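A closer look at the structure
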Amino acid sequence: MSLYTDLQSCKVESDVAIVYNNLFKSQFGITPEQKNNCDSYFYLGGGIPVLVEFKYNENFNNRVSLVKVFIQVLFYLKSFKEPPLVTIIADLNEFIIINNSVLFDYLEEDLDWSVNPSIAPKCNQGLIDKMLLDSNLMKTIVYPIKETTADEEFSSLILAKSKESIIYYIHDCVNKFKSSKAKGLDKQISKLFKNLSIYCK
């Protein structure tokens, strides 16, 4: 059986979740959990934290639909003391892997963060409009799940993107250091290395 074949029998989002979580277990030898009420969460490749959002039969080539799920992910990220570096958006017919650094700046937005992530897009039309103008988000690659998509191909892509996220994280931190005042810089650098020690076990 393959990911494509297993997904054909899915009728609802919870079925999609079972298929993907079983694949994560078989390919990575991990057991996903529902940390902070997210759909799925696990550590990969030496401790890289990965968030997963499951969907059923969405169309992420429609950029409004894409941005709406980004807002859901954003609200989940806000609930973490140290946000995961990678998010997989796993759908019936397609999937997305993003480096969460493209969303981190939005964590500083003045929003009602108490809203449930599932309804957050309905409450934040202004954020939808802003994200639609974000070139980094609009460059997101949507991967179709085809009959020829091998499980190993899927897992290899996840591993590669997860390791790449470390580079994005460091680059993001360095840029913030450059734009910050010298006061408190030592504290920021200490935080960076503390986080890297967690992400790069």
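As a starting point, this report considers the structure included with it. Predicted model only: the values in this text are computed from it and were never measured. (Residues numbered from 1 in each chain as written. Predicted model: local features only at pLDDT ≥ 70, side-chain atom pairs only at ≥ 80, totals over all residues. Heavy atoms only, no water.)

1. As for the nonpolar core
- With 59 residues, the main nonpolar core has Leu7, Tyr20, Phe24, Phe70, Ile88, Leu103 and Met131 as its most contacted residues.
- The contact partners of Ile88, leaving out residues within four places of it in the chain, are Phe24, Phe42, Val50, Leu51, Val52, Glu53, Ile96, Ile97 and Ile158. (Core = buried A, V, L, I, M, F, W, Y, C linked by side-chain atoms within 4.5 Å. Buried < 20%, exposed > 50% of the residue type's maximum accessible area, 1.4 Å probe, protein only. Contact = heavy atoms within 4.5 Å.)

2. Quick look at helix 6 (residues 125–132)
- For helix 6, the set of buried residues is Leu127, Ile128 and Met131. Down the axis, helix 6 shows its buried residues gathered within 105° of arc, on one side only. (Helix = DSSP H or I, 4+ residues; strand = E, 2+ residues; numbered from the N terminus. Arc of directions from axis to C-beta.)

3. Structural notes on the pattern of salt bridges
- For the structure on display, the rule yields 3 salt bridges.
- The partner of Glu53 in a salt bridge is Lys55, with the nearest N and O atoms 3.4 Å apart.
- A salt bridge links Lys161 to Glu164, with the nearest nitrogen and oxygen atoms 3.8 Å apart. Of this pair, Lys161 and Glu164 both sit in helix 8 (residues 151–179), 3 residues apart, roughly one helical turn. (Salt bridge = Lys/Arg side-chain N within 4 Å of Asp/Glu carboxyl O.)

4. Quick notes on the sheet that holds strand 2 (residues 48–54)
- The strand order across the open sheet built from 5 strands is 1-2-3-4-5, with neighbouring strands paired in mixed fashion. Here the strands that pair on one side only, and so sit at the sheet edges, are strand 1 (40–44) and strand 5 (143–144).
- As defined by bridge partners, strand 1 adjoins strand 2 across 5 bridges and the pair is classed as antiparallel. Considered in strand 2, the bridge of Tyr43 is made with Pro49.
- Against the sheet, helix 2 (residues 13–28) contacts strand 1, strand 2, strand 3 (86–90) and strand 4 (94–99), and its axis sits at roughly 155° relative to strand 2.
- Packed onto the sheet, helix 3 (residues 63–78) meets strand 2, strand 3 and strand 4 and runs at close to 135° relative to strand 2. (Pairing = 2+ DSSP bridges. Axes fitted to C-alpha atoms, helices over the stretch in contact; angles between N-to-C directions.)

5. Looking at the environment of Asn136
- As for its position among the elements, Asn136 is in helix 7 (residues 135–138).
- For the pair Asn136 and Val102, spaced 34 residues apart in the sequence, the C-alpha separation amounts to 6.7 Å.

6. A short note on the packing of aromatic side chains
- A complete count under the given rule lists 12 aromatic pairs for this structure.
- Seen from their ring centres, Tyr20 and Phe24 are 6.4 Å apart, and the 40° between their planes marks the pair as tilted. Pair noted here: Tyr20 and Phe24 are both in helix 2, with a separation of 4 residues, about one helical turn. Exposure class is identical for Tyr20 and Phe24. Each is buried.
- Geometrically, the ring pair formed by Phe24 and Phe154 is stacked, given 6.5 Å between the ring centres and 15° between the ring planes. With Phe24 in helix 2 and Phe154 in helix 8, the pair connects residues that are 130 residues apart, well separated along the chain. Take Phe24 and Phe154: they sit in the same class, and that class is buried.
- Among the aromatic residues, those joined into a cluster by ring pairs are Tyr20, Phe24, Phe28, Phe42, Phe54, Phe95, Tyr143 and Phe154.
- Residue placement shows Lys78 over the ring face of Trp113; its charged tip is 4.9 Å from the ring centre. (Phe/Tyr/Trp six-rings, centres within 6.5 Å; stacked < 30°, edge-to-face > 60°. Lys NZ or Arg CZ within 6 Å of the ring centre and 35° of its normal.)

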